[in-house]
Amino acid sequence: MKLLKSVSLFVIASLLLGSCKSNSEKNEETASVETSSLASEKGLKDYYADYFPIGVAVSPRSLEGESAELIRAEFNSLTAENVMKMGVIHPEMDRFNWGPADAIANFAKENNLKLRGHNLVWHQQAGPWIFTTEDGKTVGKEELYQRMKAHIDSVVGRYKGTIYAWDVVNEAISDKPDEFLRKSEWLDIAGEEFIMKAFEYAHEADPDAKLYYNDYNAIIPEKRDRIYKLLKMLIDNDVPIDGVGIQGHWSIFSPTETELREAMDLYASLGLDIQITELDVSLYQWEKERRELRQGESDEFTPELEAQQKEKYDMFFRVFRDYKDQLTGVTFWNVSDRYSWLDHYPVEGRKNYPLLFDEDYKRKSAYDAVAHFEDTNETEKQ
């Protein structure tokens, strides 16, 4: 009897211990299984392995938790959304803020991801120190070039061998049809030559990096033609430029397939690489100026809008695949609908749903249109 009682007590104790394990350790095991399943499933980078890298714009916070797991599973390229812009990474002449940018660079290296640099010269977030002297006067052209070169040498030099491509000059073309270059302090002080100098300095800092001019509305014919004019001017002057970045802030309304193909053909005719650098598909018509949310304005993601977005993504990527010989990368601007810059611009507080993953990091129907294409049929067409 004593032996039987001892055995019974042992069995009960074992069951109790097993029950304790189910609370904490089982949760860890479940999470491990889910992570393993996510890692083993094909992602966007795998579906497009024979086409071009698939990237995503990130902040350091994107590199934690579920977001980080999604990035590892779906993408093979990163772009820093904000932390490599001059105003953030180089806020004062003699002070750099390397931490956030280093975090992204280290994550890219640890996970064998390509890394794009964004950006070196821009009319926004430039850092006021670069344009003014200590007594508040505007610097001369030569002083501006010295400061520009020091910035580019420091930033490009730090990430040499890690960043494979840079958006060297960003958004230098005017939005006004009757103007060529955007009015800016760069242009006022140095004229159009500042664009050439930026590319020259970037090439000197890292001769192996691919150098891009990057802009939005690059598909709209009248702005497209002025971007083409700038690119041809750079090429004709032997400026070391490798490609053009088409930002791809589009919507369910535009561009059309014809507009997209015509722009791709035009840029490709220059012999430059093309990248889609900042892709998202808004549910709303294009607006440039910021405004408040109007009374009664809906931001519901209806089934009808979802279907239109899916159709647009399907068309965009069908065209991208047709240009795989010229297209060297496609980068989404933000990870998922949980956060998009379009939630704040142009209408603060109007929710947008412009990406392939929803607010819970789940794949949307547009994902299926992008990932599950008929490769054999497209191969026959080419």
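Owing to the predicted nature of the structure, the values given are computational and were not obtained by experimental measurement.

Trainee: Can you tell me about unusual backbone geometry, naming the residues and giving the values?
Mentor: With omega at -10°, the peptide bond leading from His-118 into Asn-119 counts as cis. Looking at the secondary structure, you find Asn-119 in strand β3 (residues 114-122). Across the junction of Ser-254 and Pro-255, the peptide omega takes the value 0°, indicating a cis bond. Inspection of the secondary structure puts Pro-255 in the loop between β7 (249-251) and α10 (257-268). Phi at Tyr-361 is positive, roughly 65°, even though this residue is not glycine.

Trainee: Tell me about the pattern of salt bridges, and name the residues and values.
Mentor: Enumeration over the complete set of coordinates arrives at 29 salt bridges. The closest approach of N and O atoms between Glu-257 and Arg-318, which form a salt bridge, is 2.8 Å. Taken together, the positions of Glu-257 in helix α10 and Arg-318 in helix α11 (residues 303-322) put the pair 61 residues apart, joining distant regions of the chain. Residue Glu-257 is classed as partly exposed on the basis of its relative accessible area, which comes to 27%.

Trainee: Break down the side chain of Arg-224 for me, with residues and values.
Mentor: Relative to the helices and strands, Arg-224 resides in helix α9 (residues 221-236). Ignoring sequence-local partners within four residues, the contact set of Arg-224 consists of Asn-217, Ala-218, Ile-219, Glu-262, Ala-263, Leu-266 and Tyr-267.

Trainee: Report on the pairing of β3, specifying residues and quantitative values.
Mentor: Across the nine residues of β3, eight count as buried, placing the element largely inside the fold. Sheet topology note: the strand β2 (residues 77-80)/β3 ladder contains three bridges and is parallel. Opposite Ser-77, over in β3, you have Lys-114 as the bridge partner. Here five bridges tie β3 to strand β4 (residues 165-170), and the two strands are oriented parallel to one another. In the strand pairing of β4, Gly-117 is matched with Trp-166.

Definitions and cut-offs
Residues numbered from 1 in each chain as written. Predicted model: local features only at pLDDT ≥ 70, side-chain atom pairs only at ≥ 80, totals over all residues. Heavy atoms only, no water. Helix = DSSP H or I, 4+ residues; strand = E, 2+ residues; numbered from the N terminus. Salt bridge = Lys/Arg side-chain N within 4 Å of Asp/Glu carboxyl O. Buried < 20%, exposed > 50% of the residue type's maximum accessible area, 1.4 Å probe, protein only. Contact = heavy atoms within 4.5 Å. Pairing = 2+ DSSP bridges.

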